[in-house]
Protein chains: 2
Amino acid sequence: MSRTIPSDSVGLVNPQALHFERSLRLESGSELSNFDLVYETYGKLNKNCSNAVLVCHALSGDHHVAGYHNMEDKKPGWWDNCIGPGKPVDTNRFFVVCPNNLGGCSGSTGPLTTNPATGKPYGPDFPIVTVCDWVKSQSLLADALGINCWAAVIGGSLGGMQSLQWAIDYPDRIKNAFVIAAAPKLSTQNIAFNEVARQAIRSDPHFNNGYYYENDSKPSLGLMLARMLGHITYLSDDMLDEKFGRELSDGKIKFGYDVEFQVESYLRYQGRSFVDRFDANSYMLITKVLDYFDPARSTNGNLAAAFAPANARFYVISFSSDWRFAPIRSREIVRALLDADKDVSYIKVHSIQGHDSFLMPIPRYHEVLRTAFNRIAGETAP
Amino acid sequence: MSRTIPSDSVGLVNPQALHFERSLRLESGSELSNFDLVYETYGKLNKNCSNAVLVCHALSGDHHVAGYHNMEDKKPGWWDNCIGPGKPVDTNRFFVVCPNNLGGCSGSTGPLTTNPATGKPYGPDFPIVTVCDWVKSQSLLADALGINCWAAVIGGSLGGMQSLQWAIDYPDRIKNAFVIAAAPKLSTQNIAFNEVARQAIRSDPHFNNGYYYENDSKPSLGLMLARMLGHITYLSDDMLDEKFGRELSDGKIKFGYDVEFQVESYLRYQGRSFVDRFDANSYMLITKVLDYFDPARSTNGNLAAAFAPANARFYVISFSSDWRFAPIRSREIVRALLDADKDVSYIKVHSIQGHDSFLMPIPRYHEVLRTAFNRIAGETAP
C-alpha cells in the first residue's frame, strides 16, 4: 500500500556508500586494509561547507535517520521527528550526514563483510572497534565529503559518546557537540546487563561461536533475549506501568507459561522483530564498544583532563526517567567540562519514557534542540 | 576440613519432613492428592505454644535458614545472621519454623516429585501454585506442629508477600507480620524481568519443554542466564560500582569476548553455582508465583479493602537502595494499611546493598528487628 510523504519530511532518500581504499589502524592494534561506509545525507552543503551536521547512531541504530526509502515504507528513519525541513535540525539550513558505523550490520564494513583473508564473512573475527575508531572513520568520511569542520555532531546514548570523542579527538573539526542521554563511561550495572545479553547470544546453540552464516540458522533466540533485556532498560518503570500495567492478554490468569501479561507479548514481539533486522555478531561487538568507552582512561581517570583539548561548545541533555544513563551520569560530564573550563549548557528534560526519551518528540526537548540549532545556523551562514 | 560452630549459632540442625495424606485444593483449581513439606525448626515451642515464628523464604531460598547441616558445611543457613541464640530473632525465646515451599526443589513436593499419575517427575506438569496456596499449606504445617497462632510471620521479598497473605487469610493465627523489602504486587518491569528469565530457560534446548529429567542434561545455560539477570536486580548500581567498578580481570582490555571486567566473572560464577542447587522448573514456577501475587485482585484493586480482615500488627521495612522492590512499593503497603486502620510501623533503612539488603546484618535493620521481637517476646511469655 502506497503512502503520502508528509511535507515536513526529507522525503525519499537513498543510502550512499563510499569505499575507502586505504588501511585503517584500529585501537586494538588490528588493521582493516580497506573499508566501506554506508551513509545518508539530507539537505545541501553550503558553499563554504560550514553547515554540516553529523548524526551518530546508538547500539541498534543505522544510517537511515530520516525520510523514506520507498513509498511502501511503513516507518521513516529512526530520528525523523527531529530531522527534516522545519524540524529542530532543519534540513533547509543544515547538511545532515549519518553513517552506519564500522562493525554494524547495515552496509558498512562489519561482521557480515567478506574477510579478504578467508573469502568468508568475518563473523566473530571482525576486529573489535571502539568509539575512537568510529570517530576516526567518520573523519575520513568528512574528508571525502569536503567537510573540514562539523557545525555540530549530535547523538543520543552511544551516539552522545561519539559526540564527546569527536570534541576530544578533533577539537578543530567540531563547533558544537550534542551529548544526549549519555554517560562518560558505563556503570558496573550497565556492563553487567551487556554481559547477560552477550551470554544469551553465546548460549544459543545456533551461535556456533559466531560462525553461523554458513549454516541456514541464526542465533535468533539468543539475540531475541538480548533485545528483550535491553528493551527493559530502555524504558522507565513508570512508562511500562502506564503502557501495560498488569493487564492480562486474555483478561484472566491462566496458570500456565504462555503469554499472560501484555508486557510479555510486547517484549516477545520486540525481540522477534529485532532478530529480522540485526546481526548477532554486530550486537556482541557494539556492546563491547559501549563497555570500553572511557575517555578518562588515558588521563588516569581524570575526565576534566580528558576534555582539556576540546574547543567545541557542549550541549548536554538528560531525561528524568532514564535509569540506563541517568541524569546523574550526564552531570558527571557537565562537572568535568566545567572543571576543564569548557562552554557547556545542560538541561534535564522531564519525561516518562526512560532512556528511549532521546528518540521521542518531547516538546521541551525539541524546543531546546531547535533553539540551539537556530543559534548555530546564525553562526554558520555562508 | 572441619569447622567450629560459633556460639551464637543454632548449631547442627536436621531438616524434618511431614507427609500430609490429604488433598490440597489449589487456587488454580488443580489438586494435590497428598504432599510433603520439608522444614527446619530452631528453639523450643513453649508450653502454651505462643512463641512460634514462621520464616517464609523468597524465590531462591529454602528451609535451611540457620545453623549447619554438618561440620563440613562452608556456610550456615541463608538467614543465620538474624536467627539464633541472642540474635534479633532469638532462638532462646522463640520457636522458629521454616518450610521449603510447595513447588520448590529442596524436598517439599514440587516439580522434582514423582507424579503419581505417570510414575515420573512432575516437571512442568506440577500445578502452578500461588502465595495463597503456600500460606494454606503452611497453616496445615502449623496444625501438625500444634501451633494455633504464630507470634510472628516474617519474610523478605517474596517472603514478605507471604507475611501479608497470612495476615489476610488467617487473621486469628498471626499476631505480628514482618513485611520486608516487599511489594503489594509486581510492577510491569518486575514482570518483564521475570519473563526474560523464563524465556532464557525455555530457549535452552536442554529444557525440552520442562521434560529434562530423563535425559542426562539440564537447561543449565538458561537457568544460569536467568540467575545472572536476577542477580543484577538484587544489587544496587552503587553496590556493584563499589564492589567491582570497572576493574579488569587481567588489568587491561583484551579486545575479545572472554571475561574482561570483574563483574562479568562474578556474574558467571553466581549463575553457575546456582545451577548446581536449583531446578529450572521450580524457578519457572516461582517466578509465576511472584507475577500472580496481588491481594487486591479480589477487592477490585483496593488494597486497603484487601487488608480489612487483618488483625496482626504490621512491621514494614524497606531499603533505600532497593530498586527491585523500592521503598515506594513498601509505602503503598503502609498507606493501604493506614487506610484500613491497621496497626503498622514502617521504617526505611539506609543501605547500599540493594534488594539483597534484607539478608544483610545491617546494624539499624537488625536493631529494628531486635526491638520488635523483644516486644513480642514480652507479650508471648507463657
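The structure displayed is predicted, hence computed values, not measured ones. (Residues numbered from 1 in each chain as written. Chains lettered and ligands numbered in written order. Predicted model: local features only at pLDDT ≥ 70, side-chain atom pairs only at ≥ 80, totals over all residues.)

(A) Inspection of the interface of chain B and chain A at higher detail. Contact residues are listed per partner, giving 37 residues for chain B and 37 residues for chain A. Those elements that place two or more of their residues in the side of chain B that touches chain A are helix 3 (188-203), helix 4 (220-234), helix 5 (237-243), helix 6 (262-277) and helix 7 (280-292) of chain B. The biggest single contributor to the side of chain B that touches chain A is helix 3 of chain B, with eleven residues. (Contact = placed C-beta atoms within 7 Å. Helix = DSSP H or I, 4+ residues; strand = E, 2+ residues; numbered from the N terminus.)

(B) Local environment of the nonpolar core. Ranked by internal contacts, the top residues of the largest apolar core, which has 234 residues, are Val53(A) and Val53(B). When sequence neighbours within four positions are dropped, the list of residues in contact with Val53(B) reads Val89(B), Phe94(B), Phe95(B), Val96(B), Trp150(B), Ala151(B), Ala152(B) and Ile154(B). (Core = buried A, V, L, I, M, F, W, Y, C linked by C-beta atoms within 7 Å. Buried ≥ 20, exposed ≤ 12 C-beta atoms within 10 Å, placed from the backbone.)

(C) Spatial organisation of the relation of the copies chain B and chain A. Mapping chain B onto chain A calls for a rotation angle of 180° and an axial translation of 0.0 Å; the resulting RMSD is 0.0 Å. Between the two chains, the operation in question is that of a two-fold axis. A shared interface surface links the copies, since 100% of the contact residues of chain B are contact residues in chain A too. (Least-squares fit on C-alpha atoms with pLDDT ≥ 70 in both.)

(D) Region of interest: helix 3 of chain B. When the terminal C-alpha atoms of helix 3 of chain B are compared, their 22 Å separation across 16 residues agrees well with the 22 Å that a helix rising 1.5 Å per residue should span. The buried fraction of helix 3 of chain B is high, at 15 of 16 residues. (Expected span 1.5 Å × (residues − 1).)

(E) Spatial organisation of unusual backbone geometry. Here Asp341(A), not a glycine, exhibits a phi torsion of approximately 65°, which is positive. Among the secondary structure elements, Asp341(A) is positioned in the loop between helix 9 (327-339) and strand 14 (343-349). A residue is classified by how many C-beta atoms lie within 10 Å of it, and Asp341(A), with 10 of them, is exposed. A positive phi is found at Phe255(B), a non-glycine position, where the angle reads about 50°. You can see Phe255(B) is positioned in the loop between helix 5 and helix 6.

(F) Looking closely at the sheet that holds strand 12 (residues 176-180) of chain B. All names here are of chain B. The eight strands are arranged 1-4-8-5-11-12-13-14 in an open sheet whose pairing can be described as mixed. Bordering the open sheet on either side are strand 1 (16-20) and strand 14 (343-349), each of which pairs with just one other strand. Shown here is a sheet whose adjacent strand axes are inclined to one another by a mean of 20°, direction ignored. Across three bridges, the pairing between strand 5 (residues 52-56) and strand 8 (residues 95-99) is parallel. Note that in strand 8 the partner of Val-53 across the bridge is Val-96. Each of strand 5, strand 11 (152-156), strand 12 and strand 13 (313-319) touches helix 2 (residues 158-169); the most contacted strand, strand 11, lies at about 150° to it. (Pairing = 2+ DSSP bridges. Axes fitted to C-alpha atoms, helices over the stretch in contact; angles between N-to-C directions.)

(G) Broad picture of the environment of Ser351(A). Residues and elements named next belong to chain A. By the element assignment, Ser-351 lies in the loop between strand 14 and helix 10 (363-379). When the 23 C-beta atoms within 10 Å are taken as the criterion, Ser-351 is described as buried. For the pair Ser-351 and Tyr-283, spaced 68 residues apart in the sequence, the C-alpha separation amounts to 28 Å. When neighbours within four sequence positions are excluded, Ser-351 is seen to be in contact with Phe-319, Ser-320, Ser-321, Ser-357 and Ile-362.

(H) Representation of the confidence of the model for chain A in the model. Averaged over chain A, the pLDDT score is 96; the fraction of residues at 70 or greater is 99%. Predicted complex metrics record ipTM = 0.94 and pTM = 0.96. (pLDDT = per-residue confidence, 0-100.)

(I) Summary view of the sheet that holds strand 12 (residues 176-180) of chain A. Residue and element names in this part refer to chain A. A sheet is described by the order of its strands in space; here eight strands give the open sequence 1-4-8-5-11-12-13-14, paired in mixed fashion. Edge positions in the open sheet fall to strand 1 (16-20) and strand 14, since each of these has one partner strand only. Going from strand to strand, the sheet's axes swing by 20° on average, the running direction of each strand aside. In this sheet, strand 14 lies alongside strand 13 (residues 313-319) in parallel orientation, the contact comprising seven bridges. By the bridge assignment for strand 14, Ser-318 is matched with Lys-348. Strands strand 5 (52-56), strand 11 (152-156), strand 12 and strand 13 of the sheet are contacted by helix 2 (residues 158-169), whose axis makes an angle of about 150° with strand 11.

(J) Region of interest: helix 9 (residues 327-339) of chain B. All names here are of chain B. The terminal C-alpha atoms of helix 9, which comprises 13 residues, lie 18 Å apart, in line with the 18 Å expected from a rise of 1.5 Å per residue. Against strand 12, helix 8 (303-307), strand 13 and strand 14 lie the buried residues of helix 9. One or two steps after helix 9, the chain reaches Asp-341, where phi turns positive at roughly 65°.

(K) Region of interest: the packing of helix 3 (residues 188-203) of chain A against helix 7 (residues 280-292) of chain A. Residue and element names in this part refer to chain A. Interaxial distance between helix 3 and helix 7 falls to 10 Å at its minimum, and their mutual angle equals 160°. For the element pair helix 3 / helix 7, the angle class is roughly antiparallel. Between helix 3 and helix 7 lies a crossing whose hand is left-handed. For the pair helix 3 and helix 7, the contacting residues are Ile-191, Asn-194, Ala-197, Arg-198 and Ile-201 in the first and Ala-280, Tyr-283, Met-284, Thr-287, Leu-290 and Asp-291 in the second. Taken together, the residues of the contact of helix 3 with helix 7 sort by class into seven nonpolar, two polar and two charged. (Parallel < 35°, antiparallel > 145°, perpendicular 65-115°, else oblique. Left-handed = near helix turned anticlockwise from the far one by under 90°. Nonpolar A, V, L, I, M, F, W, Y, C, P; charged D, E, K, R; others polar.)

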